Amino acid sequence: MNIQKIYKPVAAQAHKGTQGHALLIGGSYGKIGAITLSSKAALHAGAGLVTAFIPKCGYPILQTANPEVMVITDKVQEHISCIEFTIIPNAIGIGPGIGQEQETQDALHQFLQTNKTPLVIDADALNILSQNKKWLELLPPQTILTPHPKELERLIGKTQSDEETIQKTITFSKEHQLIVVKKGAPTQIIDGDNVYENTTGNQALATAGSGDVLTGIITGLLAQTYTPLEAAQLGAYLHGLTADLALPHTGHESFVASNIIHFLGKAFLTLQGNRNEIGFK
Ligand SMILES: NC(=O)C1=CN([C@@H]2O[C@H](COP(=O)(O)OP(=O)(O)OC[C@H]3O[C@@H](n4cnc5c(N)ncnc54)[C@H](OP(=O)(O)O)[C@@H]3O)[C@@H](O)[C@H]2O)[C@@H](O)CC1
Ligand SMILES: Nc1ncnc2c1ncn2[C@@H]1O[C@H](COP(=O)(O)OP(=O)(O)O)[C@@H](O)[C@H]1O
Ligand SMILES: [Mg+2]
């Protein structure tokens, strides 16, 4: 898989309206950081406009941390209770820090019943789906799921070996027409029978919020003109590459999720050179 072939440089005539509008939905009291990171990452992945839908308590935090991000707040203070908005985003990422309050579960169900926009689902939104597997039928085809190993186990059940995990994930992907970004070391992307293995990244990524940033990057790419598979592949590749590029500066220990966002520009710049056959096995 050649990542360079997926990458599309920004046109000289581009404006924010042509670069896609990403909506990130998540956050709850104590976990506003997760959605702050995701929405910032979507901007740095190139989305022209980014809006965050968050509980009321997150408003001053997010507006201060990310002045470029627009904010819509739920009517409830500490968690999301009803997902309603009038904007028309090109892609939606949902789950980072969203929690599993009953009202939030109901809001997710209601949202999935009407949503037609391309979706990325992560974190507690995945955990809510695991407890309500019938709702998987409501997901638009090619929805991207980004589980870590425990979230994947909650979705597909326990397995005895890596091989069995892959097989069950393939079956799950085919049954529901979903793209699964199976996060780990390495990350594998499963799209039906096709399994792509990412070649970037290292243990510096073993830090809080690194998955939240990945969700923002993939949603930001999906809001542009990338297909869901392209967004998942390019997103995982760039995410891992930031950790490889940062290593001489941060080492494994002091790298934090914000560094992924910080090094995203340098990761994009490597794609503008003349490098061949980089990316996925
Ligand atoms: N700043 C913020 O606001 C942040 C907010 N966040 C938000 O918090 C919410 C909860 O998310 P979460 O992932 O921490 O909890 P959960 O789903 O129970 O998973 C933990 C379990 O999974 C396991 N596990 C994980 N990775 C594994 C691996 N690679 N390989 C194997 N096992 C692995 C791990 O296993 P352990 O080894 O600890 O037994 C443990 O049992 C979510 O909404 C998220 O967005 C966070 O993003 C942090 C920053
Ligand atoms: N040892 C590692 N090598 C490569 N990538 C890693 C490693 N540990 C974690 N990662 C990556 O970091 C991210 C962690 O995601 P996740 O567990 O959802 O974090 P969080 O929920 O805290 O944001 C995933 O993209 C995963 O592939
Ligand atoms: Mg996570």
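Residues numbered from 1 in each chain as written. Chains lettered and ligands numbered in written order. Predicted model: local features only at pLDDT ≥ 70, side-chain atom pairs only at ≥ 80, totals over all residues. Heavy atoms only, no water.

- The protein is annotated in an unreviewed UniProt entry as ADP-dependent (S)-NAD(P)H-hydrate dehydratase from Flavobacterium caeni.
- Per its UniProt entry, the protein bears the Function (unreviewed entry) comment "Catalyzes the dehydration of the S-form of NAD(P)HX at the expense of ADP, which is converted to AMP. Together with NAD(P)HX epimerase, which catalyzes the epimerization of the S- and R-forms, the enzyme allows the repair of both epimers of NAD(P)HX, a damaged form of NAD(P)H that is a result of enzymatic or heat-dependent hydration." (UniProt positions renumbered as here; feature names shortened; annotations may be inferred.)

### Here we look at the site of ligand 2
So, point 1. Around ligand 2, a shell composed of 16 residues is seen, among which Lys 183, Gly 184, Gly 209, Gly 211 and Asp 212 lie nearest.
So, point 2. Residue Ser 210 places a side-chain N or O atom 3.1 Å away from an oxygen atom belonging to ligand 2.
So, point 3. Here Gly 211 contributes a backbone N or O atom positioned 2.8 Å from an oxygen atom of ligand 2.
So, point 4. For ligand 2, the protein covers 76% of the area, taking 570 Å² as the surface of the free molecule.
So, point 5. Looking at the shell around ligand 2 element by element, the count peaks at four residues for helix H8 (residues 210-223).
So, point 6. When its residues are assigned to classes, the shell around ligand 2 shows five nonpolar, nine polar and two charged. (Near = heavy atom within 4 Å. Polar contact = N/O pair within 3.5 Å; in protein donor to acceptor, adjacent residues only side chain to side chain. Areas by Shrake-Rupley, 256 points an atom, 1.4 Å probe, with all protein chains shown as cover. Helix = DSSP H or I, 4+ residues; strand = E, 2+ residues; numbered from the N terminus. Nonpolar A, V, L, I, M, F, W, Y, C, P; charged D, E, K, R; others polar.)

### Quick word on the site of ligand 1
So, point 1. The immediate surroundings of ligand 1 are formed by 17 residues, with Gly 97, Asp 124, His 148, Arg 154 and Asp 212 found nearest.
So, point 2. In the model, an oxygen atom of ligand 1 is placed 3.0 Å from a nitrogen or oxygen of the Ala 34 main chain.
So, point 3. In the environment of ligand 1, an oxygen atom lies 2.9 Å from a nitrogen or oxygen atom belonging to the backbone of Gly 97.
So, point 4. For ligand 1, whose accessible area on its own is 910 Å², the fraction buried by protein is 50%.
So, point 5. Looking at the shell around ligand 1, the elements that each hand over two or more residues are helix H2 (32-44), helix H5 (123-131) and helix H6 (149-156).
So, point 6. Among the elements that line the shell around ligand 1, the one with the most residues is H6, at four residues.

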